[in-house]
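This is what each chain is made of:
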Amino acid sequence: MAMQKQQLTVVVRVRPLNSGEKSRKAFQCVFPLDKKRVLLVDPEKFENNILRQNRQHERKFEFDASFGATSNQEDVHETTTGPIIDSVVEGFNATVFAYGATGSGKTFTMIGTKDRPGLMTLMTKTLYEKLDNQYQVLLSYMEIYNEIIRDLLNPSGGDLELLEDERGNIRVPGLSSVKAPNLTRIMQILQEGNLRRTQEATMANKTSSRSHALLQVMIVKNQSLHSKLFMIDLAGSERASNTQNRGIRLKEGAAINRSLLALGNVINSLASKTTKFVNYRDSKLTRLLKDSLGGTAKTCMIAHVTPSSSNFEETYNTLMYASRAMNITNKPMRNRPASADQVYAEAMNAIRKEVGSQIKNSSSITGLAARSSVQERSSSRNRPKSISRNSSLTRAAQPMPIDRGRGGSLFTQLKEQYMTLSDKQKRLREKLMATNQEAYSLEMSLISKNAIINAWEKHHHDKTAESIERLKKDGELQRVRLVELSDQRTKVEKALRKGEENASGLESRMRSLASTNEQREVVKLMVKMAEIEAQKISALSDLAIRGLIMDRTDTSIAKLQKYEMVADKLIDGKLDDNDRKKLEEEYRVIKNQFHYHLLPLKNIQTTVSWNSMLLPKIINNNNTIIIEDRLMSASKKKSEISLPLIANGREKYPTSSAESTTDDDRVNSPVTERLPTI
């Protein structure tokens, strides 16, 4: 089951200054402003350089979360990686990786210490607490050292290769998987792997990681893979001038920088709206992260920076890459159990066998026809011209095995065309669903805006207000967008109807060509799958529309609670004149906000989506429900909400439900008749 596109979760963590940086008289240049923003100050700001006075020395960055020097491991886990564990239990793949320069605290965050365990320990502990006995946990731990993959749980296994299967999935053959029956065993496995990881001291970091460490947690349910969780501690980028590395250490740093450069290029390509090709093959690290960056996994990137002014360039580059990574979108997809696709897989295997046999038959028949035509051409040279003219009649009078071969190949071609057309219809329905959601949301927003504008113009003929003018401009932009969505809906629905006609024609031709029971079953299965896919997308569209209504209802309830709280304070009466005056003003503002925010919900007649309107019928076990009947029955159910109308700060209660909806509450837009009625 696919979800909507989601952006990468990107957070930044700033470590405190260490003793070495303080001894070099380095000062702090990175300041967390709040829970999301950080401020980067260029050290040149404090230098008396006349040539750089007009240069911008401060820059703000905003991420999904930011953590300062006083944050602990539990804060980072609860804010960033805690929600990911819930998704892993639900069946989604997920990835968490630490990014940053050497010595910025990546290993501390991911692995931690004995007293302060890192995210690998905290995440596996949380994951194990949420699993029951029907799940089985398998752990794999590897490192990428100088572009060589090593198994940290089986050091004697030698170097491993990175391969890609026929479905495009990345595999590491020979990588050991260890069962983790309890939390104690998980901690033991992590400790063993961390002790075998390559670490050496440099001038920039006394415990510098010289390799990328990847912990893979696989959750197995009913003997099939349920989900996977990757936790990655990347080696830090480094400058030879800062680390003063020589010999082997220098080669290690070059390999680390090369893989991180490939990762940076991938991030730039995915964040760019113009680049279509993304090169994952420059490094084994990027190939392993292919599904995490721009793929189907939920991904969290934790960028680490040092606040020291001596590392300003590295900090700036890290923050820039993290900012670009926020533009990357994934499409998380829940893993399907093997049993769910068994029927489809068996049908596809039957189709492949049939196609193979048809290809063999057609190739053998083509070879016979070619040999016979050569013999005829060679013999025709020695024949009289009158006989050679009648050679075509002689060939036409032969038996018809060739026609059977052509019929079989034509049936295979029609099947491929039908499957391609089904995929195209699916994409069109998904596009129609997104258009429907946007139009429905704009329509509800436009109802509130028009009601506010009409009420203002009704009671303030000669006055203008900046907020009202801004509302008018926003409303005009929304009307233009609604017109565009209406045109888009017309084009998509026209393409869908044309596709249905083509699919019907292909179905009838395949049924006429089907000569065996297997072929007839294949046609029946493909048609049924196309119908189920259309019904599934229409159901998702209906749920999305109801979700928009529920979100607006929740917001209205929150405004109502605030309205009641202010009203209780006024009724209590223990206020002086100034406080009462301010509270009365706040009361009127909240009351108007609540009223206008609730208007789109007062007359909702149906939540049937555009995709459902296109379905001819939905067949149940005992009855058939026509879509038009659903629309007619839904139009009879009106909301009985009757709220006071706001006029000059006073409430007017309507005498009947019909009077509760005035002309001021209605919207006249180009797509009003095409949208589900509000």
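Fair warning: this is a prediction, and the values are worked out from it, not measured in the lab. The residue numbers shown here count from 1 along each chain, following its written sequence. Reporting in this predicted model follows two pLDDT cut-offs: at least 70 for local features of residues, and 80 or more for side-chain atom pairs to be given and counted; totals over whole chains, interfaces and linings ignore these cut-offs and use all residues. Values reported for side chains reflect all heavy atoms of the structure, with hydrogen atoms and water molecules removed beforehand.

Some words on the overall build of the protein
- Scanning the protein from terminus to terminus reveals 18 helices and 23 strands.
- Any residue under 20% of the maximum accessible area for its type is buried, any over 50% is exposed, and the rest in between are partly exposed; the area is computed with a 1.4 Å probe on protein chains only. Buried positions account for 42% of the 678 residues belonging to the protein.
- Counting contacts in the protein only where the partners sit at least 6 residues apart, residues at least 24 apart contribute 74% of the total. Here a helix means four or more residues in a row that DSSP labels H or I, a strand means two or more in a row labelled E, and each is numbered from the N terminus. Working rule for contacts: check all heavy atoms of both residues, and any pair within 4.5 Å makes them a contact.

Here's the deal with the packing of helix α2 (residues 73–90) against helix α4 (residues 119–130)
- Here an angle of 0 to 180 degrees is reported between the N-to-C directions of two axes, which are lines fitted to C-alpha atoms, with helices fitted over the stretch in contact. Orientation of α2 relative to α4, taken along the N-to-C sense of each, is 45 degrees, at an axis distance of 9 Å. Compared by their axis directions, α2 and α4 come out oblique. The two elements α2 and α4 cross, and the hand of that crossing is right-handed. Residues Gln73, Glu74, Val76, His77, Thr81, Ile85, Asp86, Val88 and Val89 of α2 form the contact with α4, whose own contacting residues are Leu119, Leu122, Met123, Thr126, Leu127 and Lys130.
- Here the residues of the contact of α2 with α4 sort into eight nonpolar, four polar and three charged. Angular relationships are summarised with four words: roughly parallel below 35 degrees, roughly antiparallel beyond 145, roughly perpendicular across 65 to 115, and oblique for the angles in between. Rotating anticlockwise by less than a right angle from the far helix to the near helix defines a left-handed crossing, while the corresponding clockwise rotation defines a right-handed one. For this scheme, ten residues count as nonpolar: Ala, Val, Leu, Ile, Met, Phe, Trp, Tyr, Cys and Pro. Four count as charged, namely Asp, Glu, Lys and Arg, and the remainder, Gly too, count as polar.

A closer look at the UniProt feature "coiled-coil region" (unreviewed entry) in the protein
- UniProt positions are given in the numbering used here, feature names are shortened, and annotations may be inferred rather than shown by experiment. Here the UniProt feature "coiled-coil region" (unreviewed entry) sits at residues 411–438.
- When the span residues 411–438 is considered, its composition is 100% helix and 0% strand, and the gap between its end C-alpha atoms is 41 Å.

Some thoughts on the nonpolar core
- The definition of a nonpolar core used throughout is a set of buried Ala, Val, Leu, Ile, Met, Phe, Trp, Tyr and Cys residues joined through side-chain atoms within 4.5 Å. In this structure, Phe63 and Leu263 are the most contacted members of the largest nonpolar core, which totals 46 residues.
- Take this core: its biggest share by element is six residues, from helix α9 (residues 312–325).
- Ignoring any residue separated from it by four or fewer positions in sequence, one finds Phe63 in contact with Val10, Val11, Val12, Lys36, Val38, Leu319, Ala322, Ser323 and Met326.
- Counting residues in hydrophobic clusters, the runner-up holds 36 residues, among them Val137, Ala213, Ile219 and Ile302.

Focus: the sheet that holds strand β3 (residues 30–32)
- Here three strands make up an open sheet; going across it, the order is β3-β4-β5 and the pairing antiparallel. In the strand order of this sheet, the two ends are held by β3 and β5 (58–62), each with one partner. Averaged over all adjacent pairs, the angle separating strand axes in this sheet is 20 degrees, with direction ignored.
- DSSP bridges decide pairing: two strands pair if at least two such bridges lie between them. Inspection of the sheet shows β3 paired to strand β4 (residues 37–41) by three bridges, in the antiparallel sense. The residue bridging Phe31 from the neighbouring strand is Leu39, located in β4.
- The sheet contacts of α9 involve β3, β4 and β5, and relative to β4 the element is tilted by about 145 degrees.

Focus: the pairing of strand β9 (residues 148–151)
- The side-chain alternation of β9 yields one buried face, formed by Ile149 and Asp151, and one unburied face, formed by Ile148 and Arg150.
- With four bridges connecting them, strand β8 (residues 135–145) and β9 associate as antiparallel partners. The residue of β9 that forms the bridge with Glu143 is Arg150.
- Counting the residues between successive antiparallel strands, the hairpin from β8 to β9 contains two residues, one of them, Asn146, with a positive phi of roughly 55 degrees.

Things to note about the environment of Thr296
- Mapped onto the elements of the fold, Thr296 is located in the loop between α8 (284–288) and β18 (298–305).
- A C-alpha to C-alpha distance of 9.2 Å links Thr296 and Lys5, two positions 291 residues apart in sequence.
- In contact with Thr296, not counting residues within four places along its chain, are Asp291, Lys331, Pro332 and Met333.

Overview of the confidence of the model for the protein
- Predictor confidence is given residue by residue as pLDDT, running from a minimum of 0 to a maximum of 100. Confidence in the prediction of the protein, expressed as mean pLDDT, is 76, and 76% of residues score 70 or more.
- Throughout residues 376–407 the model reports pLDDT below 50, and contacts reaching past four residues in sequence, or to other chains, amount to nine contacts.
- Segment residues 617–678 is flagged for pLDDT under 50; beyond a separation of four residues in sequence, or across chains, it makes 110 contacts in the model.

What about the packing of aromatic side chains?
- To pair, rings of Phe, Tyr and Trp, with the six-membered ring standing in for Trp, must have centres within 6.5 Å; the planes then decide the type, stacked if under 30 degrees apart, edge-to-face if over 60, and tilted in the middle. Taken as a whole, this structure holds three aromatic pairs when the rule is applied.
- Aromatic side chains Tyr99 and Tyr321 sit 6.3 Å apart centroid to centroid with 75 degrees between the ring planes, which places their arrangement in the edge-to-face category. Of this pair, Tyr99 sits in strand β7 (residues 94–100) while Tyr321 is found in helix α9, placing the two residues 222 residues apart along the sequence. For the pair shown, Tyr99 and Tyr321 are each scored as buried.
- Of note, Arg324 hangs over the ring of Tyr321, and the distance from its end group to the ring centre comes to 5.5 Å. Counting as a charge over the ring demands two things of the Lys NZ or Arg CZ atom: a distance within 6 Å of the ring centre and an angle within 35 degrees of the ring normal.

Regarding the side chain of Arg429
- Examined against the element boundaries, Arg429 turns out to sit in helix α13 (residues 401–459).
- The exposure class assigned to Arg429 is buried, which follows from its relative accessible area of 13%.
- Excluding residues that lie within four positions of it along the chain, Arg429 makes contacts with Leu496, Glu500, Ala534, Ile537 and Asn611.

Let's talk about the environment of Thr412
- Mapped onto the secondary structure, Thr412 falls in helix α13.
- Judged by its relative accessible area of 8%, Thr412 falls in the buried class.

Regarding the pairing of β18
- In terms of burial, β18 is a largely internal element, eight of the eight residues being buried.
- Judged by which residues are buried, β18 turns out to be covered on both faces: Lys298, Cys300, Ile302 and His304 on one side and Thr299, Met301, Ala303 and Val305 on the other are all buried.
- Bridge analysis of strand β2 (residues 9–14) against β18 gives six bridges, and the strand direction is parallel. Looking at the pairing, Thr9 lines up with Cys300 of β18.
- As paired strands, β7 and β18 are joined by seven bridges and run parallel to one another. From the neighbouring strand, Val96 faces β18, where its bridge partner is Cys300.

Observations concerning unusual backbone geometry
- Even without being glycine, Lys25 reaches a positive phi, approximately 60 degrees.
- For Lys25, the location among the structural elements is in the loop between α1 (19–23) and β3.
- Take Lys25: its relative accessible area is 72%, and that puts it in the exposed class.
- One non-glycine residue, Asn222, lies in positive phi territory at about 55 degrees.
- Here Asn222 shows up in the loop between β16 (212–221) and β17 (224–233).

Some details on the environment of Gly499
- Looking at the secondary structure, you find Gly499 in helix α14 (residues 466–513).
- Judged by relative accessible area, which is 4%, Gly499 ranks as buried.
- Note: C-alpha distance between Gly499 and Lys424 (75 residues apart in sequence) is 8.4 Å.
- In contact with Gly499, other than residues within four places in its own chain, are Leu421 and Gln425.

Observations regarding α2
- Taking 1.5 Å per residue as the helical rise, α2 with its 18 residues ought to reach 26 Å, and the 25 Å between its terminal C-alpha atoms agrees with that figure.
- The quantity called bend is, for any residue, the angle between two axes fitted respectively to the seven residues ending at it and the seven beginning at it. If you look at α2, its biggest bend is around 50 degrees, right at Thr81, and the proline Pro83 turns up within four residues after that.
- Residues of α2 that are buried: Gln73, Val76, His77, Thr80, Thr81, Gly82, Ile84, Ile85, Ser87, Val88 and Val89.
- Capping the start of α2, Asn72 holds a side-chain oxygen 3.3 Å from the backbone nitrogen of Glu74, two or three residues further along.
- Within two residues after α2, Gly91 carries a phi angle of roughly 115 degrees, on the positive side. Expected helix span is taken as 1.5 Å per residue step, with the number of steps being one fewer than the number of residues. Here a polar contact is recorded for every N or O atom pair within 3.5 Å, except that within protein the pair must consist of a potential hydrogen donor and a potential acceptor, and residues adjacent in sequence are included only if both atoms are side-chain atoms.

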